Amino acid sequence: MTEQYLTFEQLPNAVILLTKEINDLKNLLIQKQENSTPKLPENPIHIQEAAQFLGLSVATMYSKVSKGELPVTKRGKRLYFFRSELLSYLKEGSKKSNAEIEAEADAYLSNKKNGLK
């Protein structure tokens, strides 16, 4: 291999090119690190903390849970919530009620039955 020498006039462009390549390598390393970092399991919260998080009363929380409006995990008699699920609930806006979901399911099934005849 023959060695190439940079002239003084080529030096600024070479520095710019090297800087860009170094930044690209840094970004690749950061992306790889973010993708490979294991996510720690999220700790569940109780209804009081979830109510405070959403700015609702505990009674309203129980009402929304019984109507199927809130994402909840039930173990025995206890209700558990996850902040990430509550945030998703807030971002989605109002979720469909169980009655709306059932109505859509009934309409879908009746259409399927009519199509089979």
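Relevant structure appears above.
The numbers attached to residues start from 1 for each chain and follow its sequence in the written order. Given that this is a predicted model, residues contribute local features only at a pLDDT of at least 70 and side-chain atom pairs are listed and counted only at 80 or more, while totals for whole chains, interfaces and linings are drawn from all residues. Note that the side-chain values use all heavy atoms of the structure and ignore hydrogens as well as water.

Enquirer: Explain the overall build of the chain to me, using residue names and the numbers behind them.
Expert: Strands are runs of DSSP state E lasting at least 2 residues, helices are runs of H or I lasting at least 4, and numbering of each runs from the N terminus. Within the chain one finds 5 helices and 2 strands. Sorting the 117 residues of the chain into buried and exposed places 14% on the buried side. Restricting the contact set of the chain to residue pairs at least 6 apart, pairs at least 24 apart contribute 46%. Using the Shrake-Rupley algorithm and a 1.4 Å probe, accessible areas are obtained, with residue cover drawn only from the displayed protein chains. Accessible surface, the chain as shown: approximately 10300 Å² in total, 57% of it carbon and sulfur. Whether a residue is buried, partly exposed or exposed follows from its accessible area with a 1.4 Å probe, protein chains only, as a fraction of its type maximum: under 20%, in between, or over 50%, in that order. Residue contacts are counted whenever heavy atoms from the two residues lie within 4.5 Å of one another.

Enquirer: Could you give me a rundown of the pattern of salt bridges, with the residues and numbers involved?
Expert: Once the charged atoms of two side chains with opposite charge are near each other, the side chains can pair. Salt-bridge detection follows one rule: a side-chain nitrogen of Lys or Arg within 4 Å of a carboxyl oxygen of Asp or Glu. Following the criterion strictly, the structure yields 3 salt bridges and no others. Note that Asp 24 and Lys 20 form a salt bridge whose closest N and O atoms lie 3.1 Å from each other. Here Lys 20 and Asp 24 lie together in helix α1 (residues 11–36), a separation of 4 residues that amounts to about one turn. Under the relative-accessibility criterion, Asp 24 is labelled partly exposed at 37%. Glu 49 is the salt-bridge partner of Arg 83, the closest N and O atoms lying 2.3 Å from each other. Highlighted residues: Arg 83 in helix α4 (residues 83–92) and Glu 49 in helix α2 (residues 47–54), separated in sequence by 34 residues. The class for Arg 83 is partly exposed, based on a relative accessible area of 34%.

Enquirer: Requested: an account of a nonpolar patch on the surface, with residues and values cited.
Expert: A cluster of nonpolar side chains, contributed by Leu 6, Phe 8, Leu 11 and Val 15, occupies part of the molecular surface with about 430 Å² of accessible area. With respect to the helices, strands and loops of the structure, Val 15 is situated in helix α1. Surface patches are drawn from residues lacking salt bridges whose relative accessible area is over 30%; two like charges belong together within 9 Å, two nonpolar side chains (Val, Leu, Ile, Met, Phe, Trp, Tyr) within 5 Å.

Enquirer: For the nonpolar core, give the residues involved together with the corresponding values.
Expert: Residues Ile 45, Ile 47, Ala 50, Ala 51, Leu 54, Met 61, Val 65, Leu 70, Leu 79, Phe 81, Leu 86 and Tyr 89 constitute the largest nonpolar core, which totals 12 residues. Not counting chain neighbours up to four residues away, the residues in contact with Ala 51 comprise Leu 56, Ser 57, Val 58 and Met 61. The nonpolar core is taken to be a set of buried Ala, Val, Leu, Ile, Met, Phe, Trp, Tyr and Cys residues, with the residues joined through side-chain atoms within 4.5 Å.

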